Amino acid sequence: LAWVGGVLEAVADWHKYLAKKRGAEGEDDLFVGPTSGVYGLVRHPNYLGEVLFWLGVLLGGVPSFGKSPIPWVCGVLGFYGIYSIMTSATKRLEIKQKEKYGGQSKYDDWVKTVRWPLWIGVK
């Protein structure tokens, strides 16, 4: 799961880099995407990849936790921390993008088509 998350994050970041590189230079207020590929599943697949990576790390460590409460508490709190950071960042970015790109057909169509910001099936 950690590998899947890491690969998803890397692919999403690369896809975003390429889309912005091909976008309109000097027009910061023009939405250039990306809107397809992993960005056709959720609007912030790089954040989803980050969450999946850390969930995979937590689950990978579970067999070594044993009966001691310390690794369980630390592991769960650590994952909760990164999950909270990523969901909060998603909400902030959604607001920022709507303010900046709302009303542009490419952005509005993408938001209508890809309904989920972070998790597939969760608005």
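Residues numbered from 1 in each chain as written. Predicted model: local features only at pLDDT ≥ 70, side-chain atom pairs only at ≥ 80, totals over all residues. Heavy atoms only, no water.

Trainee: Can you tell me about the side chain of Glu-94, naming the residues and giving the values?
Mentor: Inspection of the secondary structure puts Glu-94 in helix 3 (residues 69-101). Side-chain polar atoms of Glu-94 contact the side chain of Arg-43, separated by 2.6 Å. In terms of polar contacts, Glu-94 uses its side chain to reach the side chain of His-44, at 2.6 Å. Excluding its chain neighbours within four sequence positions, the residues that come into contact with Glu-94 are Arg-43, His-44, Tyr-107 and Pro-117. (Helix = DSSP H or I, 4+ residues; strand = E, 2+ residues; numbered from the N terminus. Polar contact = N/O pair within 3.5 Å; in protein donor to acceptor, adjacent residues only side chain to side chain. Contact = heavy atoms within 4.5 Å.)

Trainee: Provide a residue-level description of the packing of helix 2 (residues 45-65) against helix 3, including the pertinent values.
Mentor: At a closest axis distance of 10 Å, the pairing of helix 2 and helix 3 adopts a crossing angle of 175°. In this view, helix 2 runs roughly antiparallel relative to helix 3, as classed from their interaxial angle. Here helix 2 contributes Tyr-47, Glu-50, Val-51, Trp-54, Leu-55, Leu-58, Val-62 and Phe-65 to the contact with helix 3, which in turn contributes Pro-71, Trp-72, Gly-75, Val-76, Phe-79, Ile-82, Tyr-83, Met-86, Ala-89, Thr-90 and Leu-93. Looking at the contact of helix 2 with helix 3 residue by residue, the class counts come to 16 nonpolar, 2 polar and 1 charged. (Axes fitted to C-alpha atoms, helices over the stretch in contact; angles between N-to-C directions. Parallel < 35°, antiparallel > 145°, perpendicular 65-115°, else oblique. Nonpolar A, V, L, I, M, F, W, Y, C, P; charged D, E, K, R; others polar.)

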